[in-house]
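Residue-level listing of the chains:
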Amino acid sequence: MRTEVFEPDVTTGELELEERRSLRRVAGLSTELTDITEVEYRQLRLERVVLVGVWTGGSSDDAENSLIELAALAETAGSEVLEGLIQRRSQPDAATFIGRGKVDELRDVVIATGADTVICDGELSPSQLRKLEEQVKVKVVDRTMLILDIFAQHAKSKEGKAQVELAQLQYLLPRLRGWGESLSRQGGGAGGGSGGGGVGTRGPGETKIETDRRRINTRISKLKREIKALRTVRQTKRAKRTNSGVPAVAIAGYTNAGKSSLLNRLTSAGVLVEDALFATLDPTTRRTAAEDGRVFTISDTVGFVRHLPHHIVEAFRSTLEEVAYSDLIVHVVDGAHPDPEGQVSAVREVLGEVGADRIPELLVVNKMDAADEETILRLKRAWPDAVFVSARSGLGIDELHAAIAQRLPRPAKDMRVLLPYDRGDLVARIHRGGQVLDTRHTEQGTELKVRVGEQLAAELENFVAP
C-alpha cells in the first residue's frame, strides 16, 4: 500500500486548530437564567461547572469513568470543572434526578465552589430541569444538551450545521418550559383598559411559548427539507463511487480515539487533530491505493460516545449511512483509555442503529505509545485479530496497510482482453477499478489479463482476446 510522507507544511487541520484556539471563553462570567426570546439555539455559556451523576448499576469504576468522560465533554465545551458528585440510587429521581434530600447538598456545593452551572450525567425531562433549576438557583444542563453544544461549536459544513441545528431544535421543543416560567406570558393585552401592548394589541393574545413552538416547528420543517436535498447529493456521489467499482473504507470509532490522526497518517489528508472530544464532525474522504495498485476511498466519520443522543443519531443519519454503505469498517479503539471494551460496545451499538453492523470490521487499537504493557497484553488476548498501532509515532502502520489491503473486496471475474491502443480510457478504468494480473503489448494493441467487477466485465466483452 502506498504511504505518503508527512510534509511540514501547514495543513487545513492545523489552520482550523489555530483558529479554534484563538478565542477562548472567559472564566468567571456568570451564566444567567435568561429566557430564550428567539427560536435560534444559543450556544450555552458554560464557565464554572459542577458535575452530578447517578450510579444505578455496574461497578463504581463504571460510574467514575462515566463522570470522567462528562468532565472531558464539559472541558471540550469550554468549561472549568470544579467538582464531581455521584449518588448511588436504584434509579434517577423522577422529580429532581438526584432526590430531594441531595438537592440541598448540591446547592451547598454550588455556593461553596462559586459554580454557575450544574451538568447532569443523563438526559433530564423538562420537569426535572425546571425543578432542579428552581432549587439550586443556577443553570442546569444535561448530558444531551452538552453534546449538542459541542456539535454546534465544531460543525463546519453546510450539511453538518443543518444537522446540528435540527437536533438542537428537536431537543429544545418539548423543553421550552424548562428555560424560564416567563415563556408562558401572554403576547397580547389582557383586554379592556387594563394595560397591555397598546391600541390594537389588546385581547386574549398568544402565549410566548406557543409563538416559540410554532416558529421552531417551522424551522424544523425547513431544515428537514434542506437535509433531504443534501442527502440526495450525497447519495448521487455514493452511486458514482459504487458504479466505478472503487471500494470504500470507513474509519469509525469512539470520539478522541485517533480516527483523524490515523486518516492523516494513511493519506496525508491534513484533517484537524485535537485532543478533545468531537474535534471533527464533518466526514473527510480521500482516495488512496494498495500496494498491488487497487484504488479505494477511505473516509473519516463523526465519533461516537456512550449514550449518544438519539437526536444526534437521527439528524446525522445521512452522514452515518456512509459507514453502512462501505465495504470495510476500520474500527479505531483508544488503547490508552481506562475502558476500551466499553468504547467498542458503545460504537457497535450505534453502528447497529444505522444498519452497519453487518459490514466487515477491522479492529484497530490506537495509541499504543501511551498504553501500558498490561493493557496491551489484555487487549491482544481479547482481540487476537486486531491491529495495534500508534498514529502519532507510526508504529504498526505498515501492518495496518497490509490488513486493509487483505480485506478489500477483490473484483470477481478474470478475463483476457485485447484493447486497441486508442482505448487508453478502458486501460485506465481497469487500473482504477480492477486488478491487472499480466500485461503484454502486441501489434494489435495491449493484451491484459485482468480481474474486474461485473459492470466493467460487461463493457469488456467485445474486447475478449481470441
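Structure shown above.
Calculation criteria
In every chain, residue numbers begin from 1 and rise along the written sequence. Note on the predicted model: pLDDT of at least 70 is required for a residue's local features to be given, and 80 or more for side-chain atom pairs to be given and counted; whole-chain, interface and lining totals, by contrast, use all residues. To obtain the side-chain values, all non-hydrogen atoms of the structure were used and water was disregarded. Numbering of helices and strands runs from the N terminus, with a helix taken as a DSSP run of H or I at least four residues long and a strand as a DSSP run of E at least two residues long. Buried residues are those whose accessible area, probed at 1.4 Å on protein chains only, stays under 20% of the maximum for their type, while exposed residues exceed 50% and partly exposed ones sit between those limits. Any two residues having at least one pair of non-hydrogen atoms within 4.5 Å are treated as being in contact. Accessible areas in this description were obtained via Shrake-Rupley with a 1.4 Å probe; residue shielding takes into account the shown protein chains only. One bridge is not enough; two strands pair if DSSP finds at least two bridges between them. Here an axis means a line fitted to C-alpha atoms, over the contact stretch when the element is a helix, while the angle between two N-to-C directions is reported on a 0 to 180 degree scale. Multiplying one less than the number of residues by 1.5 Å gives the expected span of a helix. By definition, turning the near helix anticlockwise from the far helix through less than a right angle yields a left-handed crossing, and turning it clockwise yields a right-handed one.

> Is there a simple way to explain the overall build of the protein chain in this structure?
Scanning the protein chain for helices and strands turns up 15 helices and 13 strands. Buried positions account for 50% of the 466 residues belonging to the protein chain. Sequence separation of 24 or more characterises 69% of the internal contacts of the protein chain that already satisfy a separation of 6 or more. As displayed, the protein chain has an accessible area near 22700 Å², and 48% of this comes from carbon and sulfur atoms.

> Sorry, what's going on with the sheet that holds strand β13 (residues 446-452) here?
Strands in a sheet are paired, the pairing made by backbone hydrogen bonds, and the direction either parallel or antiparallel. Spatially, β11-β13-β12 is the arrangement adopted by the three strands of the open sheet, whose pairing is antiparallel. Each end of this open sheet is capped by a strand with a single partner; those strands are β11 (413-419) and β12 (435-441). Pairwise comparison of adjacent strand axes, ignoring direction, gives a mean angle of 15° for this sheet. As paired strands, β12 and β13 are joined by six bridges and run antiparallel to one another. Paired with Arg440 across the two strands is Glu447, which belongs to β13. Docked against the sheet, helix α14 (residues 424-433) engages β11, β12 and β13, running at close to 35° with respect to β13.

> How should unusual backbone geometry be read in this particular structure?
For residues other than glycine, phi is negative in most cases, and the peptide bonds are mostly trans. Located in the positive-phi region is Phe97, a residue other than glycine, with phi close to 75°. Tracing the sequence through the fold places Phe97 in the loop between β2 (80-88) and α3 (100-113). You will see that Lys367, though not glycine, has its phi angle at about 65°, which is positive. When you line up the elements, Lys367 lands in the loop between β9 (361-366) and α12 (373-382).

> In this structure, what is going on with helix α5 (residues 143-154)? I would like to understand it.
Every α-helical turn comprises 3.6 residues, leaving residues that sit three or four positions apart pointing alike. With twelve residues, α5 extends 17 Å between its outermost C-alpha atoms, agreeing within 8% with the 16 Å of an ideal straight helix rising 1.5 Å per residue. The set of residues buried in α5 consists of Arg143, Thr144, Met145, Leu146, Ile147, Leu148, Asp149, Ile150, Phe151 and His154.

> Any chance you could explain the packing of helix α2 (residues 60-76) against α5 here in plain terms?
Between two packed helices, both the angle of their axes relative to each other and the distance between the axes serve to describe the pair. Running from N to C, α2 and α5 point in directions that differ by 35°, and their axes come no closer than 9 Å. In this structure, α2 crosses over α5, and the sense of that crossing is left-handed. Residue-level contacts link Ser66, Glu69, Leu70, Leu73, Ala74 and Thr76 of α2 to Arg143, Leu146, Ile147, Ile150, Gln153 and His154 of α5.

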